[in-house]
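What follows is the residue order along each chain.
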Amino acid sequence: MSTPPLSPDALKALVRTVPDFPEPGIQFRDITTLIGDGDGLASSIHHLAELARAKGAQKIAGMEARGFIFGAAVAVQLGIGFVPVRKPGKLPVKTIGIDYALEYGTDRLEIDPAAVAQGERVVMVDDLIATGGTAIASAKLLREAGAAIEDALFVIDLPDLGGADRLRAAGVNVCALMDFEGD
C-alpha cells in the first residue's frame, strides 16, 4: 500500500446505509461502497491483516460469500493459506458439515477436513457479525476439523444484535474495524 491506510472512521464513512431493507425498520449496512473504493478496500485488508498477524494466524478461514473477499485477501497479504467455509454441495471432495439455526429456518456449512492441520491456528475473517449464527457454526466446524480457533475478525459489528457476545461465549475473541449501533 503506497499511501497510509485509511482510518477505521474513514472506512466507516464509506459504508452505505440502506434504510428499510430487506424490510421496514432495518438499516442495512452495505459494504459494496467500501469494497468499490480502492483505498477503502486496501485499507480494510491492511487493518485486518495486521490484526491477524498479531493473533499468530497460520491460516485464514472465510465464510461464503463476502468472507471470501476479505479473508482471501488477508491470507494473500500474510502469505498464508485460505480455508473456504462453503455452502453445501460446493466442494468436490468429501466434506464435514454443520447445520445451524437461522432466524427463519436452518442452513448448513461445509469444509474440506484436509484444509487444516491438527492444532493449526486459524483466524476467521468475515465482512459483518450480526446475530453470530454463521460465525459460531464456522468456529465449531473448523474446530471439528482440528483447527485452533481463538480469534475472529470482522469489518463491521452490529453490537445490538449480540453476535459478537455470543461468539465470545463460544470461546472466540472478536475484533471489528467498526460498529454500527442500533441495528
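Higher on the page you've got the structure.
Per-chain numbering applies: the sequence of each chain, read as written, is numbered from 1 onward. For a predicted model such as this one, the threshold for reporting local features is a pLDDT of at least 70, and the threshold for listing and counting side-chain atom pairs is 80 or more; totals across whole chains, interfaces and linings nevertheless cover every residue. With hydrogens and water stripped out, all remaining heavy atoms of the structure feed into the side-chain values.

## Description of the environment of Gly133
No. 1: Elements are defined by DSSP. Helices are runs of H or I of four residues or more, strands are runs of E of two residues or more, and each kind is numbered from the N terminus. Considering the arrangement of structural elements, one finds Gly133 in helix 5 (residues 133-144).
No. 2: Gly133 gets classed as partly exposed once you look at its relative accessible area, which sits at 24%. Burial classification: accessible surface area is computed with a 1.4 Å probe over protein chains only, and a residue below 20% of its type maximum counts as buried, one above 50% as exposed, and the rest as partly exposed.

## Comments concerning the sheet that holds strand 9 (residues 173-179)
No. 1: Taken together, 5 strands build an open sheet; the order of strands is 4-3-7-8-9 and the sheet is parallel. Bordering the open sheet on either side are strand 4 (81-85) and strand 9, each of which pairs with just one other strand. Direction aside, neighbouring strands of the sheet carry axes that sit 25° apart on average.
No. 2: A pair of strands is considered paired only if DSSP assigns at least 2 bridges between the two. Sheet analysis places strand 8 (residues 148-157) next to strand 9, joined by 6 bridges and oriented parallel. Paired with Ala152 across the bridge in strand 9 is Val174.
No. 3: Against the sheet, helix 4 (residues 66-78) contacts strand 3 (59-63), strand 4, strand 7 (121-129) and strand 8, and its axis sits at roughly 165° relative to strand 3.
No. 4: Contacts between residues were defined by any pair of non-hydrogen atoms, one from each residue, lying within 4.5 Å. Throughout, an axis means a line fitted to C-alpha atoms (over the contacting stretch in the case of helices), and angles, computed between N-to-C directions, take values from 0 to 180 degrees. Sheet contacts for helix 5: strand 3, strand 4, strand 7 and strand 8; angle to strand 7, the most-contacted strand, approximately 165°.

## Considering the pairing of strand 5 (residues 96-102)
Within a regular strand, side chains alternate between the sheet's two faces.
No. 1: Where strand 5 and strand 6 (residues 105-111) come together, 7 bridges link them in antiparallel fashion. Among the inter-strand pairings, Asp99 is bridged to a residue of strand 6, identified as Arg108.
No. 2: The antiparallel pairing of strand 5 with strand 6 creates a hairpin that spans 2 residues between the two strands.

## Some remarks on unusual backbone geometry
No. 1: Backbone torsion omega between Phe21 and Pro22 reads 5°, so that peptide bond is classified as cis.
No. 2: Mapped onto the secondary structure, Pro22 falls in the loop between strand 1 (16-19) and strand 2 (27-30).
No. 3: With an omega of 5°, the peptide bond between Glu64 and Ala65 qualifies as cis.
No. 4: Structurally, the position occupied by Ala65 is in the loop between strand 3 and helix 4.
No. 5: We note that Asp20 has phi near 60°; this positive angle belongs to a residue other than glycine.
No. 6: With respect to the element layout, Asp20 can be found in the loop between strand 1 and strand 2.

## As for the packing of helix 3 (residues 38-54) against helix 4
No. 1: Direction vectors running N to C along helix 3 and helix 4 enclose 65°, while the axes themselves pass 9 Å from each other. Crossing angle aside, the handedness with which helix 3 passes helix 4 is right-handed. Facing helix 3, whose interface residues are Leu41, Ser44, Ile45, His46, Leu48, Ala49, Ala52 and Arg53, helix 4 presents Ile69, Phe70, Ala73, Val74, Gln77 and Leu78.
No. 2: Amino acids outside the nonpolar list (Ala, Val, Leu, Ile, Met, Phe, Trp, Tyr, Cys, Pro) and the charged list (Asp, Glu, Lys, Arg) are all regarded as polar, and Gly is one of them. A class-by-class count of the residues in the contact of helix 3 with helix 4 yields 10 nonpolar, 3 polar and 1 charged. The handedness criterion is simple: a crossing whose near helix is rotated anticlockwise from the far helix by less than a right angle is left-handed, and one whose near helix is rotated clockwise is right-handed.

## Concerning the side chain of Asp126
No. 1: Here Asp126 lies in strand 7.
No. 2: Of the buried charged residues, Asp126 lacks a salt bridge, with Arg66 as the closest side chain of opposite charge at 5.9 Å.
No. 3: Once you skip the residues sitting within four places of it in the chain, Asp126 turns out to touch Met63, Arg66, Gly67, Leu153, Phe154 and Val155. The charge count treats Lys and Arg as positive and Asp and Glu as negative. His and the chain ends do not count. Definition used for salt bridges: Asp or Glu carboxyl oxygen within 4 Å of a side-chain nitrogen of Lys or Arg.

Everything listed here is a matter of coordinates, which is why it stays silent on function.
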